[in-house]
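Structure at a glance
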Amino acid sequence: MTVLALDFETANERRDSACAVGLAWIADGRVVRRESHLIRPPEMRFSPGNIRVHGILPANVADEPDFGTVMAPYLEDLRRGLILAHNASFDIGVLRAGLARAGLPVPDLAYLCTVQVARRVFPAPEGCGLGKVARRLGIRFEHHDAGEDAFACAEIALAAMRERGARDVPALAAEIGLPITRAVGGPALPRRPQGAISGRAMAAFAQAPAALRFTMRGSTGNRYSVVLEEQPGGPQLRCTCTAGRYGLRCRHVKALEVGDITDLMSDNASEVALLARMLGVKARVAGAA
Ligand SMILES: [Zn+2]
């Protein structure tokens with residue numbers, strides 16, 4: 001099975017604003033291939049906070065290929081393989097939103113978060129941010145360069161495999177009781193106009209508001225409803241669980257945002273793919289894990 005680590009940097013707070021990608025393939029207990037590319041995001045708006053993290057400026061990417069062009073050679077490996085990412089919900093969200101924005105189909109994806117791996121195998125009071133774990137393990141890399149971050153993510157998984165005597169990443173996941181997350185994909189949707197979700201697109205979804213309601217299973221077996229609501233800052237998922245009622249992004253919302261349908265009880269997995277499109281707008285600053 002192909003196993004590859006993935007890391008994105010984004011130009012601004014939107015998930016579909018990738019400006020750099022790094023990939024690192026694992027085989028036979030080592031990193032066997034590395035790739036990194038700059039990406040020209042769909043809009044040339046770079047937030048100061050994001051620039052501070054990765055140092056990429058609009059001028060650096062003005063002549064670079066767009067998301068679909070850069071990612072095309074890797075989509076087959078991403079679709080068929082197991083993806084590793086440090087704080088995977090961010091990178092998987094960027095991948096899905098970028099593909100949706102480019103008018104490409106979003107494939108089904110299988111991934112494992114190396115933050116979760118590190119918490120189980122290399123716990124420490126200082127936490128499991130990429131830089132901290134890498135320092136503890138003696139992995140040398142240049143933090144917040146996408147290629148370097150992907151390499152460090154792969155090395156963390158390799159170190160965890162050695163630590164636990166696991167022969168490969170799926171065996172490691174089984175050994176530490178961390179399930180591989182499966183995110184459901186969906187067909188290509190028509191390209192939407194430049195900028196935020198258009199009123200027309202939103203209106204199309206509003207015609208069937210009941211369709212974007214999902215029933216999720218809570219950890220104690222309770223059922224919660226997650227509904228897509230239109231909010232001043234853009235469409236937003238709201239959940240009926242306790243955290244959701246306090247206005248927090250609960251784990252049910254986070255799961256649906258990345259297409260993780262492990263706990264989806266309602267019979268509408270195909271509609272989860274629509275969310276990548278509707279929610280491409282919200283993301284944390286890259287690398288803030
Ligand atoms: Zn919830």
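Residues numbered from 1 in each chain as written. Predicted model: local features only at pLDDT ≥ 70, side-chain atom pairs only at ≥ 80, totals over all residues. Heavy atoms only, no water.

Things to note about the overall build of the protein chain
When its secondary structure is counted, the protein chain shows 13 helices and 9 strands. Taking all 289 residues of the protein chain together, 53% fall into the buried category. Here the contacts in the protein chain between residues at least 6 apart in sequence split such that 65% fall between residues at least 24 apart. Accessible surface, the protein chain: about 13,200 Å² in total, of which carbon and sulfur atoms supply 50%. (Helix = DSSP H or I, 4+ residues; strand = E, 2+ residues; numbered from the N terminus. Buried < 20%, exposed > 50% of the residue type's maximum accessible area, 1.4 Å probe, protein only. Contact = heavy atoms within 4.5 Å. Areas by Shrake-Rupley, 256 points an atom, 1.4 Å probe, with all protein chains shown as cover.)

Here's the deal with the packing of helix α6 (residues 114-121) against helix α8 (residues 146-164)
Orientation of α6 relative to α8, taken along the N-to-C sense of each, is 35°, at an axis distance of 10 Å. Regarding α6 and α8, the two cross each other, and that crossing is left-handed. Of α8, the residues touching α6 (which contributes T114, V117, R120 and V121) are C153, I156, A157, A160, E163 and R164. Among the residues making up the contact of α6 with α8, the classes are represented as 6 nonpolar, 1 polar and 3 charged. (Axes fitted to C-alpha atoms, helices over the stretch in contact; angles between N-to-C directions. Left-handed = near helix turned anticlockwise from the far one by under 90°. Nonpolar A, V, L, I, M, F, W, Y, C, P; charged D, E, K, R; others polar.)

Some thoughts on the pattern of salt bridges
Inspection of the entire model under this criterion finds 15 salt bridges. Where E13 meets R45, a salt bridge forms, and the shortest distance between an N and an O atom there is 3.1 Å. Of the two residues, E13 is situated in the loop between β1 (3-10) and β2 (18-27) and R45 in the loop between β3 (30-38) and α1 (48-54); the sequence distance between them amounts to 32 residues. For E13, a relative accessible area of 35% corresponds to the partly exposed category. (Salt bridge = Lys/Arg side-chain N within 4 Å of Asp/Glu carboxyl O.)

Some points on the confidence of the model for the protein chain
Put simply, the protein chain has an average pLDDT of 87, and 88% of its residues get 70 or more. Predicted confidence for residues 281-289 stays below pLDDT 50, and this span has 26 contacts to residues more than four positions away or in other chains. (pLDDT = per-residue confidence, 0-100.)

Looking at the sheet that holds strand β9 (residues 234-239)
By definition, the strands of a sheet pair up through backbone hydrogen bonds, in either a parallel or an antiparallel sense. Spatially, 3 strands are ordered β7-β8-β9 in an open sheet, and the strand pairing comes out antiparallel. Two strands lie at the open edges of the sheet, namely β7 (213-217) and β9, each paired on one side alone. Neighbour to neighbour, the strand axes of the sheet diverge by 25° on average, direction disregarded. Where strand β8 (residues 223-231) meets β9, 6 bridges bridge the pair, whose relative direction is antiparallel. Bridging from a neighbouring strand, E229 pairs with Q236 of β9. (Pairing = 2+ DSSP bridges.)

Some thoughts on the sheet that holds strand β5 (residues 109-113)
Pairing in this open sheet of 6 strands is mixed, and the strands run β3-β2-β1-β4-β5-β6 from one edge to the other. The open sheet has two edge strands, β3 and β6 (181-183), and neither has a second partner. If you compare each strand with its neighbour and ignore which way they point, the axes differ by 30° on average. Where β5 and β6 come together, 3 bridges link them in antiparallel fashion. If you follow Y111 over to β6, its bridge partner there is T181. The sheet contacts of α6 involve β4 (82-85) and β5, and relative to β5 the element is tilted by about 40°.

What about the coordination of the zinc ion?
When four donors bind a metal tetrahedrally, each ideal donor-metal-donor angle is 109.5 degrees, and when six bind octahedrally, the ideal angles are 90 or 180 degrees. The protein atoms that coordinate the zinc ion are C239 (SG), C241 (SG), C250 (SG) and H252 (ND1), at distances of 2.0 to 2.3 Å. For the zinc ion, the 4 donor atoms are set out with angles of 107 to 112° between them, so the coordination reads as tetrahedral. With a relative accessible area of 6%, C239 lands in the buried category. Taking relative accessible area as the criterion, C241 reaches 5% and is therefore assigned buried. (Donors = N, O, S within 2.8 Å, 3.2 Å for Na, K, Ca; no water. Tetrahedral: all angles 85-135°; square planar, octahedral: opposite > 155°, others 65-115°.)

Here we look at the state of the cysteines
This model, assessed by the stated rule, comprises 0 disulfides. The cysteine C113 is free of any disulfide, with C153 supplying the nearest cysteine sulfur at 8.1 Å. (Disulfide = S-S within 2.5 Å.)

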